[in-house]
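Residue-level listing of the chains:
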Amino acid sequence: MSRLMVIGCGGVASVAIHKVCQNDGVFDELMIASRTKAKCDALKEKLEGTTKTKITTAQIDADDTKALTELIESYRPDAVLNVALPYQDLTIMDACLAAGVHYIDTANYEPENTDDPEWRKIYEKRCKELGFSAYFDYSWQWAYEEKFKEAGLTALLGTGFDPGVTSVFAAYAKKHYFDEIETIDILDCNGGDHGYAFATNFNPEINLREVSAPGSYMENGKWVEIPAMSIKREYDFEGVGKKDMYLLHHEEIEALGRNMPEVKRIRFFMTFGQSYLDHMRCLEDVGMLSTTPIQYNGQEIVPIQFLKALLPDPASLGPRTKGKTNIGCIFTGMKDGKKRSIYIYNVCDHQECYREVGSQAISYTTGVPAMIGAMMVVSGQWKKPGVFTTDEFDPDPYMEALNKWGLPWKVVENPVLVD
Ligand code: NDP
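In this text the structure is predicted, and so the values were computed from the model without any measurement.

**Some words on the domain arrangement of the chain**
By a widely used convention, the size of an interface equals the accessible area lost when the partners come together. Examined at the domain level, the chain breaks down into domain 1 (2–157) and domain 2 (165–357). The straight-line distance from the C-alpha centre of domain 1 to that of domain 2 is 22 Å. Taken together, the contact pairs 21 residues of domain 1 with 19 residues of domain 2. Broken down by element, the side of domain 1 that touches domain 2 gets its largest block of residues, five residues, from helix α1 (residues 11–22). Here the side of domain 1 that touches domain 2 is built from residues that sort into 10 nonpolar, nine polar and two charged.

Structure, rendered in structure tokens:
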């Protein structure tokens, strides 16, 4: 039995919280703490009566480490699941260390203000030394390794679908299917249609930053960076059909590149429709994706935050979204002296997710692994002192849990390869 604190109450959090409450044999107590308490109270009201989990709520600004430490100390959870925004990763890790509890998240740190000169200096040095220019990277959180080790605490980073499940798939392929993995292609296909000309499936600010940045992949231990959206492939996905997909930078490339240095090439592809790309390009061209504040009518506004206010709330897409996602990894390599290739993947149906938990499949495919990651830590199956990504533990109990909690996966031999 365990007590969990969830920080954030948006699209992903809502699914994770539904799943925590379904899993009331493991999580008997839950605190939902977020910036807007009314959202936490509404979710508590919806779920009470459907679960044995005892739910409490709290208002918190997770940027305020001191206030958060006090809240954690007063509730005394076994672990904190951070499903707020990547901006809060470091302050929440600091609070977990101060209060002595385990930490779990779904996305690696990036700063809210990318013009901050202090951050910029470190970022530019990193770009030059490592060769990729994404705003997010693991260095900030890996720097907590010694602190978590000394405190005897676990920090589990990036337990969403991608990153998260995709890295568990890599550990599973390595353990059961290959003597040596040579290449990994991570494919993220969303065949869902929400009927809007333009909307993002998760937090618009985070999503648009990721998609409009240069792409990059790892080859022979080195980053190769390419202009945004400049490598395009078509792939025929089970449950979805043929889709255009584009090479993006993605955080699991960094973690897998470090933890599986024998892999010769690691790439990440995501599907996009033409309408999404046209809108994004236009918004970028007119400056709407900028994170630099501007003065408007005597008030300071950040263009991308203003855009977020105009776009549909991703949490509201659930009832409108139809179709499926297909997310997985193609591995090639050697087994028993012979060449082998497999695709490990999950197909998820937007409408089925909506019927079960009131959310579309992007929130679902992230929220379920967030709960599973928290379960792995509090149950002791994935508990060791330090800072880890999901490829650094035994994948078997996690893979079992995916089948049990709504994200069943398949392994197909000899899939069509990307190139
Ligand atoms: P949302 O914007 O829907 O939700 C974010 C929540 O965090 C909101 O409830 C928001 O509060 C709350 N929040 C924001 N700032 C603070 C703060 N300072 N203190 C306390 N609470 C705060 O985002 P999503 O649910 O779409 O995404 C959540 C996380 O999941 C993100 O980190 C995202 O990158 C990650 N993600 C990971 C994926 C993966 O596969 N690994 C895929 C998709 C998302 P309020 O309600 O007041 O706005």
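**Things to note about helix α5 (residues 117–130)**
For α5, with 14 residues, the first-to-last C-alpha span of 20 Å sits near the 20 Å given by 1.5 Å per residue. Of all the 14 residues making up α5, zero are buried; the element is thus mostly uncovered. Just downstream of α5 lies Gly 131, where phi reads positive at about 90°.

**As for unusual backbone geometry**
Between Asp 162 and Pro 163 the backbone carries a cis peptide bond, its omega angle lying at 10°. In this fold, Pro 163 is placed in the loop between β6 (154–157) and α8 (165–176). A positive phi is found at Asn 297, a non-glycine position, where the angle reads about 50°. As for its placement among the helices and strands, Asn 297 is situated in the loop between β13 (294–296) and β14 (299–301). For Asn 297, a count of 5 C-beta atoms within 10 Å corresponds to the exposed category.

**Thoughts on the nonpolar core**
By size, the foremost hydrophobic cluster in this structure holds 111 residues, and its most contacted members are Val 6 and Ala 16. Looking at this core element by element, the count peaks at 12 residues for helix α14 (residues 361–378). Here this core spans two domains, since at least three of its residues come from each of domain 1 (2–157) and domain 2 (165–357). Residues in contact with Val 6, not counting those within four places in the same chain, are Ala 13, Ala 16, Ile 17, Leu 30, Ile 32, Leu 81 and Val 83.

**Section: the environment of Val 387**
Its place among the elements puts Val 387 in strand β17 (residues 386–389). Linking Val 387 and Gln 141, residues 246 residues apart in sequence, is a C-alpha distance of 7.6 Å. Not counting chain neighbours up to four residues away, the residues in contact with Val 387 comprise Gln 141, Trp 142, Tyr 144, Glu 145, Phe 148, Ala 155 and Leu 157.

**Brief notes about the site of the ligand**
Lining the immediate surroundings of the ligand are 34 residues, of which Gly 8, Gly 10, Val 12, Gly 160 and Phe 202 lie closest. No other element matches α1, which puts three residues into the shell around the ligand. For the shell around the ligand, a count of residues per class yields 17 nonpolar, 12 polar and five charged.

Rules of the game
Residue positions are given per chain, counting from 1 as you read along its sequence in written order. Where local features are concerned, this predicted model is filtered to residues with pLDDT of at least 70; where side-chain atom pairs are given and counted, the filter is 80 or more; whole-chain, interface and lining totals use all residues. Domain segmentation is taken from an automatic or database assignment of domains. We call two residues in contact when their backbone-placed C-beta atoms lie within 7 Å. Helix and strand assignments follow DSSP, with helices taken as H or I runs no shorter than four residues and strands as E runs no shorter than two, numbered in order from the N terminus. By the convention adopted, Pro, Cys, Tyr, Trp, Phe, Met, Ile, Leu, Val and Ala count as nonpolar, Lys, Arg, Asp and Glu as charged, and the other residues, Gly among them, as polar. A helix is expected to reach a length of 1.5 Å times the quantity of its residues less one. Each residue is classed by its C-beta neighbour count within 10 Å, where at least 20 other C-beta atoms makes it buried, 12 or fewer makes it exposed, and intermediate counts make it partly exposed; the C-beta atoms are placed from backbone geometry. One nonpolar core equals one set of buried Ala, Val, Leu, Ile, Met, Phe, Trp, Tyr and Cys residues connected by C-beta atoms within 7 Å. Whether a residue is near a molecule or strand depends on its C-beta atom, generated from backbone atoms, being within 6 Å of that molecule or strand.

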